[in-house]
Amino acid sequence: DAKTTQPPSMDCAEGRAANLPCNHSTISGNEYVYWYRQIHSQGPQYIIHGLKNNETNEMASLIITEDRKSSTLILPHATLRDTAVYYCIVRLSSGGTSYGKLTFGQGTILTVHP
Amino acid sequence: NAGVTQTPKFQVLKTGQSMTLQCAQDMNHNSMYWYRQDPGMGLRLIYYSASEGTTDKGEVPNGYNVSRLNKREFSLRLESAAPSQTSVYFCASSYLDRGSNYGYTFGSGTRLTVV
């Protein structure tokens, strides 16, 4: 699986958009980009995933560059409850020994302040 | 809708004791996973089961065994607990299908301390 690089920490003001970057320069054509977050010591929560098109759901938007070497998770109107560790993960879509497995890195600690 | 249920939520063991962590999901998922998370670290995969009847080692399998009891249940056993196994253990499940991609659902974790 391709490795990802994320900044260790970021700050955001409440009500503003939070833009979390992720570099995955070695991603292969059949690997998806997934984002999860972990609030305090709870289990991680799925946010969104994508292959090459931009994606949006009720939680966030995912912008993937045309060369697929990086992506940005956007929380449009951050709240204090969005303070969490955000993980960017690339995952094989099908086949191979790593099929289905998620490999977590260190993630980005996002702190939303009033 | 319970999702992924883990028991117990907290446990303290003495070195050398054994115990089984239980995990059950009610979402008809075919794949299940066990992760551990040490303080300040990301999650590391211990074992996984891509489908009922199969199990495979993950990144850190030593000192653990697993059983996929049925489609719903996936247990993790520590045969002889060691202080290095002090951690938070998360179970997860997902629907795994070639050509499709789904997110994982995680349980709330078991906080294990080995003294």
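For the structure given in this document, a descriptive report is provided here. (Residues numbered from 1 in each chain as written. Chains lettered and ligands numbered in written order. Predicted model: local features only at pLDDT ≥ 70, side-chain atom pairs only at ≥ 80, totals over all residues. Heavy atoms only, no water.)

## Considering the overall build of chain A
Move 1: Across its full length, chain A carries zero helices and nine strands.
Move 2: The N-to-C order of helical and strand elements in chain A reads β-β-β-β-β-β-β-β-β.
Move 3: A globule of 114 residues ought to have a C-alpha radius of gyration of about 13 Å, and chain A, at 14 Å, matches this closely.
Move 4: Taken along the three principal axes of its C-alpha coordinates, chain A extends 45 × 30 × 25 Å. (Helix = DSSP H or I, 4+ residues; strand = E, 2+ residues; numbered from the N terminus. Rg over C-alpha atoms; globule rule 2.2 N^0.38 Å.)

## Comments concerning unusual backbone geometry
Move 1: That bond from Thr7(B) to Pro8(B) is cis: its omega, -5 degrees, falls within 30 degrees of zero.
Move 2: As for its position among the elements, Pro8(B) is in the loop between strand 1 (4-7) and strand 2 (10-13).
Move 3: Positive phi outside glycine occurs at His40(A), with the angle close to 50 degrees.
Move 4: Exposure remark for His40(A): the relative accessible area of 75% places this residue in the exposed category.
Move 5: One non-glycine residue with positive phi stands out, namely Asn28(B), at about 60 degrees.
Move 6: For Asn28(B), the location among the structural elements is in the loop between strand 3 (19-25) and strand 4 (31-37).
Move 7: A relative accessible area of 53% means that Asn28(B) is categorised as exposed. (Buried < 20%, exposed > 50% of the residue type's maximum accessible area, 1.4 Å probe, protein only.)

## Describing the pattern of salt bridges
Residues and elements named next belong to chain B.
Move 1: In total, this model carries four salt bridges over all chains according to the counting rule given.
Move 2: Between Arg44 and Asp38 there is a salt bridge, and its shortest N-O distance comes to 2.6 Å.
Move 3: Its salt-bridge partner being Glu79, residue Arg77 comes within 3.1 Å of it at the nearest N-O pair.
Move 4: By relative accessible area, Glu79 is classed as partly exposed at 42%.
Move 5: By sharing partners, the salt bridges in this structure join Arg36, Asp38 and Arg44 into a single network. (Salt bridge = Lys/Arg side-chain N within 4 Å of Asp/Glu carboxyl O.)

## Considering the sheet that holds strand 1 of chain B
Residues and elements named next belong to chain B.
Move 1: Across the sheet, four strands lie side by side as 1-3-8-7; this open sheet has antiparallel pairing. Only two strands of the sheet have a single neighbouring strand rather than two, namely strand 1 and strand 7 (64-68). Ignoring strand direction, the axes of neighbouring strands in this sheet form an average angle of 15 degrees. (Pairing = 2+ DSSP bridges. Axes fitted to C-alpha atoms, helices over the stretch in contact; angles between N-to-C directions.)

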